[in-house]
Amino acid sequence: MNVQISSFLQDHRVKLKELVSLLSKEFKYISILGCDSSGTRYQMMKTGSSINESSWAERGFVCRIYNGRGYSEYSFSQLKDIEETAAAIRQSAEEAVILSKSLNQVEYPLIEEEKWSESFRGTVKNSPVQTGSETIINQLKARMDEGLKMADFLVDLRVIYEYVHISKIFISSNKDLDQSYIWSQGYMFPIGKNEKGIKYTHKSFSGMKGTELLDEMQDALKDAIDEVEDLLNSERLVPGEYDIICNPAMSGLIAHEAFGHGVEMDMFVKKRAMAADYMNKAVASEKVNMHDGAAAADQVSSYLFDDEGMGGANSKIIDKGVLKMGISDLLSALKLGTKPTGNGKRQSFERKTYTRMTNTFFSPGTDSLDDMISSIDRGYLLENFSSGMEDPKNWGIQCVAVKGREIVNGKLTGRIVSPVFLTGFVPDLLKSISMVSPDLELSGSGACGKGYKEFVKTSTGGPYLKTKGKLA
């Protein structure tokens, strides 16, 4: 079924156009982004259940104008009187100009827009609203009860489902856009205990889907519980450099941390990204191709237009090992004299736009996983991740895998090590990639922050990759 756009935004559409028309007589550029997102988070655990409003919910507007020196923004949650709101926007612009002059800030050129009018409606199989809270909670409880019966070592099994219905509208002198879609995410957190202690893991699920996502969670229940058993019996890794294979989840983490953050071009403007010095240079092996873009995949960060009214793209960041381009919001592109790539995103209508990743992933190759394993004398198959971080200025990387499966003489030995820390210099890691599988999996659970704040939805993924890495 098609996802309908918010009636709140539709009811304000005429007034928004009147406000743009009024202010366009005074300012050379004006745009308004309207946001109305709603959703619910459901959680079930042994001690009870909870139902809460999603933290991604928001409702309001942000107006951007060209003030003659740069761009100022004014956010508001209600539009009752157009003249009153216009007066507040004028005052905000005047204050921004005074501040800009006092700080001697650099000036920006005027945004040039082409005419564009388009709507996008996502589709889901099962509407979360129509499914209803009682049915969703009962399904989560059924997953929990079934899982707890599978293993005596389990002390709890937390099951979470969350959906968000996003509606956005973008109005300017030349653009009239709207979009509406639903994304869902789910988690299973099995917690186990034995004589060595307590261990837990998580399995996550996501997509541009409704409650049909609950069926996928059912299919992965046994895998999640088996992983806890692996962790309870795991050993510590002997630090060193090894041949490694990264599963699609770990490949996605490397794509996100290694290049996603490193090629966000607002960091180029601030001269805080080493990637700016590597344009059109080899940064990976010839087997490596990498993409980012709202139009590059169908996951939680897919959309028609970004929060600056720019169309979603499919940007090929790395082509056969060569860094070809970065990703950019509109204002950074204006500053750098480059083309924006539809990566301008806000945490909410009350927060600033930054260059942010969308769907970031390695492209698939042709090597089989069996051939990768058989090619390794001593190494590890790294599976899933718990965290990661990158330093764009110096291109260092740290990724934490939930576990590693030991490989000796081309075979998995059954020995599990956990946790596994992968560190190194990004180009060294990517240049050592020697095999790439045909598999391609993306996941969009969780959130991406910028400097430990400004959280947005992104997805990451890729195939199995064979490379060399420093593990601890």
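Please refer to the structure placed before this passage.
In this report, the structure presented in the accompanying data block is examined.

What counts as what
Residues numbered from 1 in each chain as written. Predicted model: local features only at pLDDT ≥ 70, side-chain atom pairs only at ≥ 80, totals over all residues. Heavy atoms only, no water. Patch = residues over 30% accessible without salt bridge, like charges linked within 9 Å, V, L, I, M, F, W, Y side chains within 5 Å. Areas by Shrake-Rupley, 256 points an atom, 1.4 Å probe, with all protein chains shown as cover. Salt bridge = Lys/Arg side-chain N within 4 Å of Asp/Glu carboxyl O. Lys, Arg positive; Asp, Glu negative; His and termini not counted. Charge placed at Lys NZ, Arg CZ, Asp CG, Glu CD. Helix = DSSP H or I, 4+ residues; strand = E, 2+ residues; numbered from the N terminus. Phe/Tyr/Trp six-rings, centres within 6.5 Å; stacked < 30°, edge-to-face > 60°. Lys NZ or Arg CZ within 6 Å of the ring centre and 35° of its normal. Contact = heavy atoms within 4.5 Å. Expected span 1.5 Å × (residues − 1). Buried < 20%, exposed > 50% of the residue type's maximum accessible area, 1.4 Å probe, protein only. Arc of directions from axis to C-beta. Disulfide = S-S within 2.5 Å. Axes fitted to C-alpha atoms, helices over the stretch in contact; angles between N-to-C directions. Parallel < 35°, antiparallel > 145°, perpendicular 65-115°, else oblique. Left-handed = near helix turned anticlockwise from the far one by under 90°. Polar contact = N/O pair within 3.5 Å; in protein donor to acceptor, adjacent residues only side chain to side chain. Bend = angle between axes of the 7 residues up to and from the residue. Pairing = 2+ DSSP bridges.

Here the focus is a positive patch on the surface. On the surface, Lys-270, Arg-272, Lys-352 and Lys-393 cluster together to form a positively charged patch. Here Arg-272 is to be found in the loop between helix H8 (266-269) and strand E11 (290-292).

Our focus in this paragraph is unusual backbone geometry. A cis geometry characterises the amide bond from Ser-418 onward to Pro-419, with omega recorded as -15 degrees. Even without glycine at this site, Asn-409 takes up a positive phi of about 55 degrees. When you line up the elements, Asn-409 lands in the loop between strand E18 (396-408) and strand E19 (411-417). The phi angle at Glu-454 is positive, at roughly 55 degrees, despite the residue not being glycine. Relative to the elements of secondary structure, Glu-454 occurs in the loop between strand E22 (441-443) and strand E23 (459-462).

What follows deals with the packing of aromatic side chains. Scanning the entire structure with this criterion turns up eleven aromatic pairs. Among the aromatic residues, those joined into a cluster by ring pairs are Phe-8, Phe-61, Tyr-74 and Phe-76. Lying over the aromatic face of Tyr-354, Lys-352 brings its terminal NZ or CZ to 4.3 Å of the ring centre. Directly above the aromatic system of Trp-183 lies the positively charged group of Lys-457, at a separation of 4.6 Å from the ring centroid.

Another aspect to go through is the environment of Pro-427. Along the chain, Pro-427 falls in helix H11 (residues 426-431). Between the C-alpha atom of Pro-427 and that of Gly-39, which follows or precedes it by 388 residues, the distance is 40 Å. Residue contacts for Pro-427: discarding those within four places in its chain leaves Val-283 and Trp-395.

This brings us to helix H4 (residues 133-148). Here H4 spans 23 Å end to end across 16 residues, near enough to the 22 Å set by a 1.5 Å rise per residue. Within the span of H4, buried status applies to Ile-136, Ile-137, Leu-140, Arg-143, Met-144 and Gly-147. In a view along the axis of H4, the buried residues occupy a sector of 120 degrees, so they form one face of it. Along its buried surface, H4 packs onto strand E1 (30-45), strand E2 (48-53), helix H3 (128-131), strand E6 (154-172), helix H5 (213-219) and helix H6 (221-232).

Tallied over the full model, the rule gives zero disulfides. Between Cys-399, a free cysteine, and Cys-246, which holds the nearest cysteine sulfur, the sulfur-to-sulfur gap is 8.0 Å.

What follows deals with the packing of helix H1 (residues 7-23) against helix H2 (residues 82-102). Packed helix pairs are specified by the crossing angle of their axes together with the interaxial distance, meaning the distance between the axes. With their axes 10 Å apart at the nearest point, H1 and H2 run at an angle of 50 degrees to one another. One finds that H1 runs oblique with respect to H2. Of the two possible hands of crossing, H1 and H2 adopt the one that is right-handed. On H2, the residues that touch Lys-15, Glu-18, Leu-19, Leu-22 and Leu-23 of H1 are Ile-82, Glu-83, Thr-85, Ala-86, Ile-89 and Arg-90.

Glancing now at the side chain of Ser-172. Mapping Ser-172 onto the fold places it in strand E6. Of note is the side chain of Ser-172, whose polar atom sits 2.8 Å from the side chain of Glu-113. For Ser-172, the contacting residues outside a window of four places in its chain are Val-20, Ile-30, Ser-31 and Glu-113.

What follows deals with the side chain of Ser-418. Position of Ser-418 relative to the elements: it lies in the loop between E19 and strand E20 (420-425). Residue Ser-418 is classed as buried on the basis of its relative accessible area of 8%. If we skip the residues at most four places from it in the chain, Ser-418 touches Leu-231, Ser-234, Glu-235, Arg-236, Val-402 and Lys-403.

Another point: H1. In this model H1 runs 25 Å from its N-terminal to its C-terminal C-alpha over 17 residues, within 8% of the 24 Å that 1.5 Å per residue would give. Arg-13 marks the point of greatest bend in H1, at about 45 degrees. Within the span of H1, buried status applies to Phe-8, Leu-9, His-12, Arg-13, Leu-16, Leu-19, Val-20, Leu-22 and Leu-23. Buried positions along H1 lie against E1, strand E3 (58-66), strand E4 (71-76), H2, E6 and strand E7 (175-194). The backbone nitrogen of Phe-8 has a side-chain oxygen 3.1 Å away, supplied by the residue at the start of H1, namely Ser-6.

Taken together, the six strands give an open sheet; going across it, the order is E13-E12-E11-E16-E23-E22, and neighbouring strands pair in mixed fashion. In the strand order of this sheet, the two ends are held by strand E13 (322-323) and E22, each with one partner. Judged from the three bridges that link them, E22 and E23 form a sheet pairing that is antiparallel. Residue pairing across strands places Leu-442 opposite Gly-461, the latter belonging to E23. Helix H7 (residues 248-260) contacts E11, strand E12 (315-319), E13, strand E16 (359-362), E22 and E23 of the sheet and is inclined by roughly 120 degrees relative to E23.

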